[in-house]
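Residue-level structure breakdown
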Amino acid sequence: SLEQDKTTFIIPEKCNSYNMDCREIEKLDEFIGKVQLVFTSVYYWNQRFYEVGEIPQPGHESTKEEYLDTLTKIFVPICKTLKESGVVAVNISDSFVEGIPQRIPYLFIEYMEKNTPLKFIGEIIWSKKNPRGNGASEDKIRPKNKIEYIMTFALNPKLVKYKKLIYKKGDFTAKINAGYKDVNKNGKRSTKRKSLTTGYTSIKNHIYEQEIENIITTSVGQNHDVRRIIRDGHPAIMSAMLPIS
C-alpha cells in the first residue's frame, strides 16, 4: 500500500515520509536544529523536462548563474533543520554547451556559500559503471562523462565528525609493506617504516560504483527492489552506492 500512497506516512522511530515541498520543512518545528545529515540530488541545468506542471521548468533558466542562484536558495529553509554539526551532501552533475563543460558543480559551491550559511568541506566523486552519452552529436566531440559529484557542506566545519568506513577487499595474503617517505610542510623527511598489510582499505573521496557494489553484493546479496526499478527504466534512478560514503 505504501507504493501507492502519495501522502505523508510515519513508521514510529524508523521513518517519517512527507509528501511536501522541501522548502516547507522549516514549518515542522520538531525538526528545527535536529537533523544530522541532508542527502539529496538536485535538478540539473538544461538536461531534462520534469513534467511537474511548472512554467518555466526548474532547471531551464536562461543562464547557469540564474539556475545556481535559484537552486541554492532552496537550501535556506533546509539549513534551519540542521544541528550545529550537521552536513548537507548534494549530488550534482555538470552540464555541457556545444561540448564545453560549464563547471556547474564548482560554481555551485560559490553560490551555496553566498546564499546560505553553509561552508564547503569537500567533494566526493563517484564513477558510474554504465555511463551514458548525451546523444550522437555530443559523443562525437567529447568523451562520455562517467563521473558525478557529491558536494558536501557544513554549518560549522569544526564540529563535523567523520566515521571512516573500512572494508576487506577479496582474497588477501598478508605482506610486508616497505613503507614510504613523506615530507612535511617544513621540509622534514619522515622515517621510512615497514608494516604488515591488513587487507583492509577505507572509502576515499573517489568512489567506484562497481567496486562498492561487488562488496555489498558479496556481503548481503542483491537489492532486488532496486534492480527492478533499474530494469523498468525509472527516469531518475539514483545509485544505491551513493550513501556508502
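Analysis parameters
Residues numbered from 1 in each chain as written. Predicted model: local features only at pLDDT ≥ 70, side-chain atom pairs only at ≥ 80, totals over all residues. Heavy atoms only, no water. Salt bridge = Lys/Arg side-chain N within 4 Å of Asp/Glu carboxyl O. Buried < 20%, exposed > 50% of the residue type's maximum accessible area, 1.4 Å probe, protein only. Helix = DSSP H or I, 4+ residues; strand = E, 2+ residues; numbered from the N terminus. Pairing = 2+ DSSP bridges. Lys, Arg positive; Asp, Glu negative; His and termini not counted. Polar contact = N/O pair within 3.5 Å; in protein donor to acceptor, adjacent residues only side chain to side chain. Contact = heavy atoms within 4.5 Å. Expected span 1.5 Å × (residues − 1). Phe/Tyr/Trp six-rings, centres within 6.5 Å; stacked < 30°, edge-to-face > 60°. Axes fitted to C-alpha atoms, helices over the stretch in contact; angles between N-to-C directions. Parallel < 35°, antiparallel > 145°, perpendicular 65-115°, else oblique. Left-handed = near helix turned anticlockwise from the far one by under 90°. Nonpolar A, V, L, I, M, F, W, Y, C, P; charged D, E, K, R; others polar.

A word on the pattern of salt bridges
- Within this structure, the stated rule accounts for four salt bridges.
- The closest approach of N and O atoms between glutamate 24 and lysine 27, which form a salt bridge, is 2.6 Å.
- For lysine 27, a relative accessible area of 61% gives the class exposed.

Digging into the environment of lysine 146
- Along the chain, the position of lysine 146 falls in the loop between helix 4 (136-139) and strand 8 (147-154).
- Along the primary structure lysine 146 and lysine 128 are separated by 18 residues, whereas in three dimensions their C-alpha atoms are 5.6 Å apart.

A short note on the pairing of strand 8
- Counting buried positions along strand 8 yields seven of eight residues, so the element is predominantly enclosed.
- Bridge analysis of strand 4 (residues 82-92) against strand 8 gives six bridges, and the strand direction is antiparallel. By the bridge assignment for strand 8, isoleucine 92 is matched with tyrosine 149.
- When strand 7 (residues 119-127) meets strand 8, the two strands line up antiparallel, connected through eight bridges. Its bridge partner being in strand 8, glutamate 123 is matched across the sheet by methionine 151.

As for the side chain of glutamate 61
- Considering the arrangement of structural elements, one finds glutamate 61 in the loop between strand 3 (35-41) and helix 1 (64-73).
- Notably, glutamate 61 is buried but unbridged: the nearest opposite-charge side chain belongs to arginine 23, and the N-O separation is 9.5 Å.
- Polar side-chain contacts of glutamate 61 include one of 3.3 Å to the backbone nitrogen of glycine 59.
- If we skip the residues at most four places from it in the chain, glutamate 61 touches Tyr43, Trp45, Asn46, Glu66, Tyr67 and Thr70.

Looking at helix 3 (residues 104-115)
- The first and last C-alpha atoms of helix 3 sit 16 Å apart over 12 residues, in line with the 16 Å expected at 1.5 Å per residue.
- The inward-facing, buried residues of helix 3 abut helix 1, helix 2 (75-79), strand 4, strand 7 and strand 8.

Some details on the packing of aromatic side chains
- On inspection of all chains with the given rule, the structure shows six aromatic pairs.
- Measuring from centroid to centroid gives 6.4 Å for phenylalanine 75 and phenylalanine 108, while their planes differ by 70°, and the two rings are edge-to-face. With phenylalanine 75 in helix 2 and phenylalanine 108 in helix 3, the pair connects residues that are 33 residues apart, well separated along the chain. Phenylalanine 108 shares its class with phenylalanine 75; the two are buried.
- Between the aromatic rings of tyrosine 106 and tyrosine 149, the centroid separation amounts to 5.6 Å while the plane-to-plane angle is 75°, which identifies the pairing as edge-to-face. You can see tyrosine 106 sitting in helix 3 and its partner tyrosine 149 sitting in strand 8, a full 43 residues away along the chain.
- On the accessibility criterion, tyrosine 106 (37% relative accessible area) is partly exposed.
- By relative accessible area, tyrosine 149 is classed as buried at 15%.
- Grouping aromatic residues by their ring pairs yields a cluster made of Phe75, Phe108, Phe120 and Phe153.

As for the sheet that holds strand 7
- Within the open sheet, the five strands sit side by side as 3-4-8-7-13. Their pairing is mixed. Where the open sheet ends on each side, the last strands, each with one partner, are strand 3 and strand 13 (206-208). Each adjacent strand pair in this sheet contributes to an overall mean axis angle of 20°, direction not counted.
- Helix-sheet contacts for helix 3 involve strand 4, strand 7 and strand 8, and the interaxial angle to strand 8 is about 15°.

Notes on unusual backbone geometry
- With phi around 60°, arginine 103 is a residue other than glycine that occupies positive phi space.
- For arginine 103, the location among the structural elements is in the loop between strand 6 (100-101) and helix 3.

A short note on the side chain of serine 93
- By the secondary structure assignment, serine 93 is in the loop between strand 4 and strand 5 (96-97).
- Once you skip the residues sitting within four places of it in the chain, serine 93 turns out to touch Tyr44, Ile104, Pro105, Asn145 and Glu148.

Looking at the packing of helix 1 against helix 3
- Interhelical geometry of helix 1 versus helix 3 gives an angle of 50° and a closest axis separation of 9 Å. In terms of orientation, helix 1 lies oblique with respect to helix 3. Classified by chirality, the crossing of helix 3 by helix 1 is right-handed. From helix 1, Lys64, Glu65, Tyr67, Leu68, Asp69, Leu71, Thr72 and Lys73 reach across to helix 3, where they touch Ile104, Leu107, Phe108, Tyr111, Met112, Lys114 and Asn115.
- Broken down by class, the residue content of the contact of helix 1 with helix 3 amounts to eight nonpolar, two polar and five charged.

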